[in-house]
Every structure is written in C-alpha cells, then in structure tokens.
Amino acid sequence: MAKEWRLAMKAAVIGGVAILFASLAYILYSQFIGPDPSDSPGARNAELADQQAQGVPESFVTLKVIMPGDLSARMGDFVENELNDRLVRDLNMKLELTYIPWSNYQQKVELALSTGAKYDLFWYGAPFVSVYYTKGYIQPLDELLDRYGRDLVKHIPDENFKMNRIDGKLWAIPSQAFTSAGKFSSVMVRQDLLEKAGMTDIRTIADLERFYESMHAIDPSYYGYLETDRGHEMLWRELTDRNYSSLDERMLFIVDEDSGEILSYVESDLYKKVVQLRESWVEKAIIDKNLVGNPSAKIDQENAGKLLFRVGAVSRAMENLQTARNADPNARLREYYLAKEKPKFIVTPSNEAFMITAASENPERAMMFMNWILQSEENYRFIVYGVEGKDYELEKGKIKLLTNDQLMYEWMWRNKDFFVAPAGVEDDMIHDMLANDENSRVSKLFGFHFNEASVKNEMAQVMAVYKEKFEPINFGLAGYEEHYEDALTALKKAGFDLVFAELQRQFAEFRLQR
C-alpha cells in the first residue's frame, strides 16, 4: 500500500513538472506561435492608451502654431529653452510659434489657411469656427479628442464643446472655461483717471462723454475710445429697451432675445442710433479720426497709457492691467455695464477656439499638446506664467509676475480649475469677474452655427461691400444721412437678401430642433 502511494506521488510530481515546463514554454514562445496579439483592436487601443498615459510618443515632431500679437523677448527665449525642453521630455516634440500682429491677424491667417501652408494649430474667436469649417480650412477633432484629450474633457464643461459642433462633429477646442455672460457688452475704463475726474463709476453714455471731457481738459493727450469695429453691443444696452445679441463679429445680423427672431442689424433703427452716436463722438474727438484706420497706432495709444475707455470682455480689466501699469504704475482698470439692470446673455461659454488645420501633418501631437496644458496645475502655470522664481512667484496666493514680457496669453486658457488671480489686482475687480454671470440668461443663439456653404459667394461679395461702404459709417467717419442709402443698395445688389433668407431658414430649423 505504501509502495503504491509512493508511485502515485511520483507520477503526480512528474506530471506537475511537465505542466510547469509546458506553461513556461508557452509564455516564452507564444509570441512566435499563432496570430500576433498586437494586431487585435483591443491591443492597439491599449497601446494608444498606454502611450497617452506615458505622454512620450516614439516619433519626434515640430508642432507649428500660429498666434496673434507679437513675440516678446522672454517668450522667444522661454519657448526655445525651458518650454521646448519640457515638451521634448513629455511629448517628444518642440513648438514653433509664428506670431502675426493683431492689426492684420485675420487677413494673414486666412491667407495661410487658404494656401494650405503647413501649420498645425491656430487660435481664433469662436464665431470663426463655422466660417473656417465652411471653407474647409479645419479638420474634425472627435477621434483625436477621444484618444488624446481626456484632460481637456475633464477640465472643460461639455456645453463648451457643444458650441463648436457642426453637423454632429467637433471642429475646435474651446480652450477657455470661465465666466462669459455679456462678453463685449461692457465698457472697461481707467478707474484711477475716472476718480481723478471726480467720478466714481460709469452708468450711462453721458457718463462716458463726461469722463472724456473732464480728462481731456486736464490733459488733451488722452484718447477716448479704442474700438470702432466692435462695441455696438455695449451701446445697445442703453440705446434700446430690447435685448439683442449679435450673430458674430461682422455685425450684419442680430437676434432679439425676447422674441427669438433673427434680424437684419444694418437695416434696423438701432443701427442708425449707434452710428449717429459715433458720428457725434468723432465730432467731439472721443473717436480720433486720425487713428481709426490705423489699428497698430490705436494699440500703441493703449500701451502708452493714453486710452480712457474701451469695450470690456468680462475679464479684460484683469488681463490688461499689467500693460496699463507698464505705462503708469498707478493705473487701475474696471469694467461696467450700461443699463446694469438689464440681463446679460451667454452666447458662447468660451469665445476662444483652437483649431487644427486641414493641412496639419501632426494632428495627433496638436491634440496631445493642448491636452498637456490642462494635464496638471504644474503644466498650466508653466506655459502661462513661465518658470517659478524667474518669471513669477506666488504672493499671498496670487501670481506676482517678475517680468513684463508676455508669455502664453492667460485668457486663451483661463480655466476655473486652475485660475489664480494676479497680485496687485484689487479684490473688487476679481469679485466683478467671478460674479459676472449673475443676472444672465442663455442666448437664443447658443449652439447655433450659420453654415454659409450655399451662399458663400454672396457672403464674400456682401462682406466686400460692407468693408468698403459700411465700415466708414460704423466708424462715424461717413455720415449716415449722406451715405447709408447708397451703401444699403450696394449691399442688396451683392446678395444680402439671399444670405439673410438662408440664415433665417437655418435659424428656424435650429429653433425647431431645440
């Protein structure tokens, strides 16, 4: 019996050892036997996920990005050294930035896009997403976002992404996630100079005129008003009892927020009131006719500390404070809404849009780069503020800049999860900004994109006429009574009514779907 038990145990041991060796052999050599498991969709997706998690792709690329404004000396040095060192380490890429001055940014961006120049990524305002989609300048981002944008999705609300969806596809990354109601309908003033003029706040158009007259009497070198292309919405708040929002920056069409009707702005009585007010501002020199056609000179006036007021943008007072203090260390800025009791409207939750060009050779890396910015607070602060201890430091929980040079525009990527107020910004300014969305409503335009494809030729002709004949009226340089009828006739001849009818049709369909 004992002998039989020993024989059984010996057989079991031998069998176990055989199984062990067979298992080891399979583990060691299974990669050479049968189908390659890496060819399976699951394995490929796992590999992509691992690659994204590790953040270091195998191939090295140069990501070519277009940015507005001017490249500061420190930004150039930062990109070539600290930033690109970090990007090589984290994403195996380097950044190559092309800056285009604000004064001709749109013209040169569109030239680059229309000629298929090999840029990968560029910024513009959200209203241009539908324009560039129609022209075929940009590519859809859904698959790229799914694969490489998990931190973008984590830190940017879903409703922001919905704004950039056209025909069921995503065409831009809404990089800013912050307060946005009433954007471009407030007025930003030099608060220190307002108080010097014996005033405390701005409530009416008459207050703005009095502010200019008082300061001009003290020092005639001060310039009143920067914008002549924007700023209509700011004046609407007082000039009409209705609530309106503009379709886009071209100021052709508006929506009545009370009735939901889309209207022709240039044919409205409100348009007449705005341009006639601007005519009076030219006569009073609030709008300087010598600067109207020179955007660079107007910006120089602001940089020199000579600008008294301009259109606000929710947080423009905070954004422009450093520029103002470079010219005058005592400068203070603040934003006000005329007719403060009227509601503000959220047309788009983010006016900032990063688009990947149709000609991009590195769309995956472009999405990885944008995701990298919001991957951590460290990355966010690094690209926006630079190197801690060299470019900025934290002072009582606020960002204190150690250089006057502009790095990445903070407003492009301002995010509620990572926002830190700048040092030196008064608490009342921060309160205004954070409480901005109070008394706000969602616009009837929210989520609507005008697809211009069927009327693109007419739209091109309309805009050519608008630029030639309407812009001088908008600026207050050409009198409404003398020039309006001729301008409107030319606009109609260019195909305005066809464009308007197509817009009305699409907007009606959009409202039915909602």
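Here, the structure is the one placed above.
Residues numbered from 1 in each chain as written. Predicted model: local features only at pLDDT ≥ 70, side-chain atom pairs only at ≥ 80, totals over all residues. Heavy atoms only, no water.

1. Re helix α14 (residues 316-327)
Point 1. Compared with the 16 Å implied by 1.5 Å per residue over 12 residues, the 17 Å span of α14 between its first and last C-alpha is a close match.
Point 2. When we look at burial in α14, the residues that qualify are R316, A317, M318, N320, L321 and A324. Summarising the axial view, the buried residues of α14 lie within an arc of 165°, below the 170-degree limit, and thus occupy one face.
Point 3. On the buried face of α14, the contacting elements are β6 (187-190), α13 (295-303), β11 (307-311), β12 (333-336) and α17 (427-434). (Helix = DSSP H or I, 4+ residues; strand = E, 2+ residues; numbered from the N terminus. Expected span 1.5 Å × (residues − 1). Buried < 20%, exposed > 50% of the residue type's maximum accessible area, 1.4 Å probe, protein only. Arc of directions from axis to C-beta. Contact = heavy atoms within 4.5 Å.)

2. A word on the side chain of T134
Point 1. One can find T134 in helix α5 (residues 128-134).
Point 2. The exposure class of T134 is buried, given its relative accessible area of 16%.
Point 3. Of note is the side chain of T134, whose polar atom sits 2.9 Å from the backbone oxygen of S130.
Point 4. If we skip the residues at most four places from it in the chain, T134 touches N451, E452 and A453. (Polar contact = N/O pair within 3.5 Å; in protein donor to acceptor, adjacent residues only side chain to side chain.)

3. Some words on the sheet that holds strand β14 (residues 352-356)
Point 1. Overall, mixed pairing links the four strands, which are arranged β2-β1-β3-β14 in an open sheet. With one partner strand each, in any of the chains shown, β2 (93-100) and β14 form the two edges of the open sheet. Averaged over all adjacent pairs, the angle separating strand axes in this sheet is 25°, with direction ignored.
Point 2. Alignment of strand β1 (residues 61-68) against strand β3 (residues 121-125), held across two bridges, turns out to be parallel. Bridge assignment links I66 to a residue of β3, and that residue is F122.
Point 3. Running at roughly 140° to β3, helix α4 (residues 105-114) makes contact with β1, β2 and β3 of the sheet.
Point 4. The strands touched by helix α15 (residues 363-373) within the sheet are β1, β2, β3 and β14, with β14 carrying the most contacts at an inclination of about 155°. (Pairing = 2+ DSSP bridges. Axes fitted to C-alpha atoms, helices over the stretch in contact; angles between N-to-C directions.)

So, to be careful, I would describe these as geometric facts and stop short of saying anything about function.
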